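For reference, the chains in residue letters:
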Amino acid sequence: MQGGKSVSDLMIGPYRLVDSRVVYDRTMMQLSAGAAVCANGDVVAYWNRHTDAIVGNEAHFMRSTDNARTWEMTGEPLSSEFEEGSVHVATGMAVLEDGSLLLPFADYQSGRMGPDDHPRRMKNRHRPGKLKLAVSTDHGHHWDRILEIATPFPFCYPFGRLFRCLDGALAMPVLVSMETCLSNQSERRGDGSGFFGSESWGTESGLLVSRDDGKTWGDWRVIVPAPNEQRCGECTIARCEDGSLLAMHRNMSPVWLASRSIDDGATWSAPEPTGLHGECGCLFGAPGGRLIAAYRSTRNAPPEVPVGLLMCVSEDSGRTWTPETPLPDPKGRPARASHETGMPDIVRLASGEVAVIWYSYDPDLPYGFPSNDTGWAGVGHFVKRYVAASILADSNV
């Protein structure tokens, strides 16, 4: 199903919401991941077939040739090389100056340790696997090659868009750990604490650096070391008008934490609280130095914070922000819980508009787990997610 409607009265900073669309809702359990605008103007959006790298997950792709208004499936899915494995993609695809598309992804092993482990329910948290990079030279119609990236970390999870350093190097934000679920019982059982850096089992965020446009990767630059008291997880990074890099960190508090680098990512300030009640988000540097943030509201946010996929804008390198404003659901259903929305990516279309690709929730979708599979009882919302697009125009242009 695809559909859209014009929404002309909602303003977020200088941006007016002009369109809200269903991109894809034809199978159960989509988890949106990211998007990129190709050198030919096409928009390629990609999403996980299942949520959180559940075993058997693949990455799927859709294409729009009309500035995110209509979509069709494109290319072939990315699949795991492992038996009971899982591919997982997140915000990260980048377009190089020569038009090549680069998409980092994780290819996880099962992590199953015995017959009592249900492989379908095993998530991405600290499963051993490989860090890979898919490369396309025809605007994402085909993947010419898949490169394996050697790292010293048994667990790697790329999250956040690849970006250019000022010296021309390419940087990839990655979440890493020296331990895996095979050595940590609580994380294998889905406790969740290790994923965000508990004292006993820390997760570290940082940058891998390439000086040959992604063919090889070398330096590791730490952003938030492990263990850390804030229990920081995924981060999203954008360059500010003043030249600094701003990173926003998912964590267990009610607000995003921010750290800044003034030396092009070599060193970072300690994470500090922001006024944004976000996680699973994206930070985007728009032309002219403006920052745009989109994220889902945190589960433990104060009651006055709107629930759903929130968006705001900064004109001063992320030091102050416009009010947190929820994007309307394309199907007209307001979000009732934070987990019903999330994982946005932000791109600038060939038209000059801004598109936010994200997932939303429709309880009326006809999908469900088998009634005898009781292990899924607490996460029924997983199966009824769909991919959405919100399109905004700068009112000052």
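For the structure itself, look to the data block above.
A brief look at the structure comes next. (Residues numbered from 1 in each chain as written. Predicted model: local features only at pLDDT ≥ 70, side-chain atom pairs only at ≥ 80, totals over all residues. Heavy atoms only, no water.)

To continue, consider the overall build of the chain. Across its full length, the chain carries 1 helix and 28 strands. With 397 residues in all, the chain has 61% of them scored as buried. A fraction of 58% describes how many contacts in the chain between residues 6 or more apart in sequence connect residues 24 or more apart. (Helix = DSSP H or I, 4+ residues; strand = E, 2+ residues; numbered from the N terminus. Buried < 20%, exposed > 50% of the residue type's maximum accessible area, 1.4 Å probe, protein only. Contact = heavy atoms within 4.5 Å.)

What follows deals with the sheet that holds strand β22 (residues 278-285). In spatial order, the strands read β22-β23-β24-β25; together these 4 strands make up an open sheet with antiparallel pairing. Edge positions in the sheet fall to β22 and β25 (325-326), since each of these pairs with one other strand and no more. Both β22 and strand β23 (residues 291-297) contribute to a ladder of 6 bridges, which runs antiparallel. Among the inter-strand pairings, L283 is bridged to a residue of β23, identified as A293. (Pairing = 2+ DSSP bridges.)

Pairing in this open sheet of 4 strands is antiparallel, and the strands run β4-β5-β6-β7 from one edge to the other. Among the strands making up the open sheet, the edge pair consists of β4 (31-37) and β7 (72-73).

The next thing to look at is the layout of surface pockets. When its volume is computed, the largest pocket comes out at roughly 720 Å³. Contributing to the lining of the largest pocket are 26 residues, with R161, L162, F163, F284 and G285 lying nearest its centre. Secondary structure elements with two or more residues in the lining of the largest pocket: β4, β9 (94-95), β14 (163-164), β18 (235-239), β22 and β26 (342-348). Residue composition of the lining of the largest pocket, grouped by class: 18 nonpolar, 3 polar and 5 charged. (1 Å grid on protein atoms, 1.4 Å probe; cavity = no way out; pocket = protein on both sides within 12 Å on 5 of 7 lines; lining within 4 Å. Points joined across faces, edges and corners; volume = space filled by probe spheres on them. Nonpolar A, V, L, I, M, F, W, Y, C, P; charged D, E, K, R; others polar.)

Let us now look at the pattern of salt bridges. Here the structure, examined in full by the defined rule, presents 23 salt bridges. The shortest N-O distance in the salt bridge between D394 and R290 comes to 3.0 Å. Of the two residues, D394 sits in strand β28 (residues 385-394) while R290 sits in the loop between β22 and β23, which places them 104 residues apart along the sequence. Residue classification places D394 among the buried residues on the basis of a relative accessible area of 18%. Between E340 and R333 there is a salt bridge, and its shortest N-O distance comes to 2.8 Å. Judged by its relative accessible area of 8%, E340 is buried. Classification of R333 by relative accessible area gives buried; the value is 19%. A cluster of three or more residues bridged by salt bridges with shared partners is formed by E81, D107, K130, K132 and E148. (Salt bridge = Lys/Arg side-chain N within 4 Å of Asp/Glu carboxyl O.)

A few words on the packing of aromatic side chains. According to the stated counting rule, one finds 7 aromatic pairs in the structure shown. Look at W256 and Y295: their rings are 4.9 Å apart centre to centre, the planes differ by 50 degrees, and that puts the pair in the tilted class. One end of the pair, W256, is in the loop between β19 (245-249) and β20 (257-261); the other, Y295, is in strand β23, with 39 residues separating them in the sequence. A relative accessible area of 0% means that Y295 is categorised as buried. Taking NZ or CZ as reference, K331 lies 4.5 Å from the ring centre of Y386, over its face. (Phe/Tyr/Trp six-rings, centres within 6.5 Å; stacked < 30°, edge-to-face > 60°. Lys NZ or Arg CZ within 6 Å of the ring centre and 35° of its normal.)

A separate point is empty space enclosed by the protein. Applying the stated criterion across every chain, the model contains 1 cavity of 30 Å³ or more. Space inside the largest cavity adds up to approximately 30 Å³. Residue lining of the largest cavity: F159, E234, C235, T236, M248, R250, W256, E279, C280 and G281, and that is the complete set. Counting residues per element, the lining of the largest cavity draws most heavily on β22, at 3 residues. Partitioned by chemical class, the residues of the lining of the largest cavity number 5 nonpolar, 2 polar and 3 charged.

Quick look at the nonpolar core now. One recurring pattern in soluble globular proteins: nonpolar side chains tend to sit buried together. Core analysis: the largest hydrophobic core is formed by 29 residues, its most contacted members being I292, L327, I346 and V356. Mapped by element, the contributors of at least two residues to this core are β3 (15-24), β22, β23, β24 (309-314), β27 (354-361) and β28. Dropping the residues within four chain positions of it, V356 is found in contact with A294, L309, M311, L327, P344, D345, I346, A388, A389, S390 and L392. (Core = buried A, V, L, I, M, F, W, Y, C linked by side-chain atoms within 4.5 Å.)

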